[in-house]
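# Examining the three-dimensional arrangement
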Amino acid sequence: MGELPAASAYLSTSAVLLGLTLICSALIGCAWARFPADRDRRIVDIDDLLPQTQCGQCGHPGCRPYAEAIADGQPINRCPPGGQATIDALAQLLGVESLALDPEHGTENPEISVAYIREDECIGCTKCIQACPVDAIVGATKLMHTVIIDQCTGCDLCVEPCPVDCIDMLPVSINGGQGVASSALLATSNIIAHRHPGQALRELP
Amino acid sequence: MTDTNSILMSAILINNILLVQLFGVSALANIANRPSTAVAMAIATTAVITLSAAVNHLIDSWILVPLQLGYLRTLTSILVIATLAQCGALLIVAQRPALYRELGGLLPWLASNTLILAVALQNSLNTLTFSQSVRSGLGAGLGFSLVLILFCAICERLTAADVPRPFRGAAITMISAGLMSMAFMGLSGLV
């Protein structure tokens, strides 16, 4: 049996450990105050509810900038592609009252549509390609342009720039009705996954 | 081991902390799942290792040795490393939140793995001076980064390769890591 350490050893041990713990806790506290991680998690949660059409109708150049603006206090009712469902979900997430969609920023369109380029009239100018926020149009200068339907989010930003006005927004159906594309093709598409999460799996025949 | 450049060379290549001394090998398994985050993980780990080597040396030489509290070294090192890891992680979250999400469990790994602790404890075991400790920490970090980035490149090749079914997943990762380790061990006697 060895001797017990001197009393001063107990004292210095506890002093060092306690002091170090306090200093480290203070440092971590300062770091949390200086770099609040909560705001970024909030932005991610808000962004996950937005439809990811990147259409710009809310006034911001995409869904993530709008999510950051909402986290900073902007009204939540500016997203037409998301519609009332998104506004309600955002209201629930942020703990505020739900609002009606702001008519200044557009109206909700219950029909999903994707862009379709009438290839006979396309002149290959690439203006629609530059306008598309999700890069859903394939093509190059003076070559045929075409829309990849399972990437298109239906934001219709490509319709305006087209100089020969050859882009139509055609409705798609999820349930195998009179739409432009088959349900199977759209099962994993951008538009179904983001605008109607869960519906692709639930309602497709 | 006292020449300054040979400490650095030794820490990076010959006594590579990950492949030769086999500390922190869980990083390789982590990277095999997320090859695109290798550079970020390497930078974060190197920063934490170097800072922790410096701070742990200071605590060791100013507090622990004068008060003859050498037995507290492991505990205080762990405290310091956890603090630095947390601060580093918060910095990354603030500047690059998307990167942080992609990195997955970076903070728990940084705070709890043996690699950083081994550097700090070995520095005090070899009674290095402050500048030698920092250099050794930097060398360990650089060696770790080298191995991580090389291993990430190998993993990217493996995803396109035709790996036989019994070997897919963890098996081929371990075999690759083992082969890399043998290659690095072949460098002993370089300096």
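What comes next concerns the included structure.

### A short note on unusual backbone geometry
All names here are of chain B. Although it is not a glycine, Gln68 sits at a positive phi angle of roughly 55 degrees. With respect to the helices, strands and loops of the structure, Gln68 is situated in the loop between helix 3 (38–64) and helix 4 (73–95). The class for Gln68 is exposed, based on a relative accessible area of 67%. The residue Thr127 is not glycine, and still its phi comes out positive at about 45 degrees. You can see Thr127 is positioned in the loop between helix 7 (114–125) and helix 8 (130–160). Assessed through its relative accessible area of 64%, Thr127 is described here as exposed.

### Describing a nonpolar patch on the surface
Taken together, the side chains of Phe167, Ile175, Leu179 and Met182 of chain B present a nonpolar region at the surface, about 390 Å² in accessible area. Following the sequence through the fold, Phe167 of chain B ends up in the loop between helix 8 and helix 9 (170–185).

### Some words on helix 4 (residues 83–94) of chain A
All names here are of chain A. Here helix 4 contains 12 residues, and its C-alpha end-to-end distance of 17 Å stays within 8% of the 16 Å for a straight helix at 1.5 Å per residue. The set of residues buried in helix 4 consists of Gly83, Thr86, Ile87, Leu90, Ala91 and Leu94. Down the axis of helix 4, the buried side of the element spans an arc of 135 degrees, and every buried residue falls inside it. Looking at helix 4, the residues exposed on the side facing more than 90 degrees away from the buried face are Ala85 and Gln92.

### Regarding the packing of helix 7 of chain B against helix 8 of chain B
Residues and elements named next belong to chain B. Put simply, helix 7 and helix 8 touch, their axes get as near as 10 Å, and they point 150 degrees apart. Relative to helix 8, the element helix 7 lies roughly antiparallel. When the axes of helix 7 and helix 8 are compared, the crossing they make is right-handed. Mapping the contact onto sequence places Leu115, Val119 and Asn123 in helix 7 and Ser133, Ser136, Gly137, Ala140 and Phe144 in helix 8. Here the residues of the contact of helix 7 with helix 8 are counted per class, giving four nonpolar, four polar and no charged.

### Quick notes on the interface of chain B and chain A
The figure often quoted for interface size is the accessible area lost as the parts come together. On the side of chain A, 17 residues touch chain B, which itself brings 20 residues to the contact. Each partner contributes to the roughly 1,600 Å² buried at the junction of chain B and chain A, and carbon and sulfur atoms together form 82% of this total. Looking at the side of chain B facing chain A, the largest losses of area belong to Leu79, Thr83 and Leu90 of chain B, adding up to 30% of the total buried there. Here chain B and chain A share zero salt bridges between them. Where chain B packs against chain A, one counts one residue pair in polar contact (both at pLDDT 80 or more). Broken down by secondary-structure element, the contributors of at least two residues to the side of chain B that touches chain A are helix 3, helix 4 and helix 5 (97–103) of chain B. In terms of residue count, helix 4 of chain B provides more of the side of chain B that touches chain A than any other element does, 11 residues in total.

Definitions and cut-offs
- Residues numbered from 1 in each chain as written.
- Chains lettered and ligands numbered in written order.
- Predicted model: local features only at pLDDT ≥ 70, side-chain atom pairs only at ≥ 80, totals over all residues.
- Heavy atoms only, no water.
- Helix = DSSP H or I, 4+ residues; strand = E, 2+ residues; numbered from the N terminus.
- Buried < 20%, exposed > 50% of the residue type's maximum accessible area, 1.4 Å probe, protein only.
- Patch = residues over 30% accessible without salt bridge, like charges linked within 9 Å, V, L, I, M, F, W, Y side chains within 5 Å.
- Areas by Shrake-Rupley, 256 points an atom, 1.4 Å probe, with all protein chains shown as cover.
- Salt bridge = Lys/Arg side-chain N within 4 Å of Asp/Glu carboxyl O.
- Expected span 1.5 Å × (residues − 1).
- Arc of directions from axis to C-beta.
- Axes fitted to C-alpha atoms, helices over the stretch in contact; angles between N-to-C directions.
- Parallel < 35°, antiparallel > 145°, perpendicular 65-115°, else oblique.
- Left-handed = near helix turned anticlockwise from the far one by under 90°.
- Contact = heavy atoms within 4.5 Å.
- Nonpolar A, V, L, I, M, F, W, Y, C, P; charged D, E, K, R; others polar.
- Buried area = accessible area lost by both parts, 1.4 Å probe.
- Polar contact = N/O pair within 3.5 Å; in protein donor to acceptor, adjacent residues only side chain to side chain.

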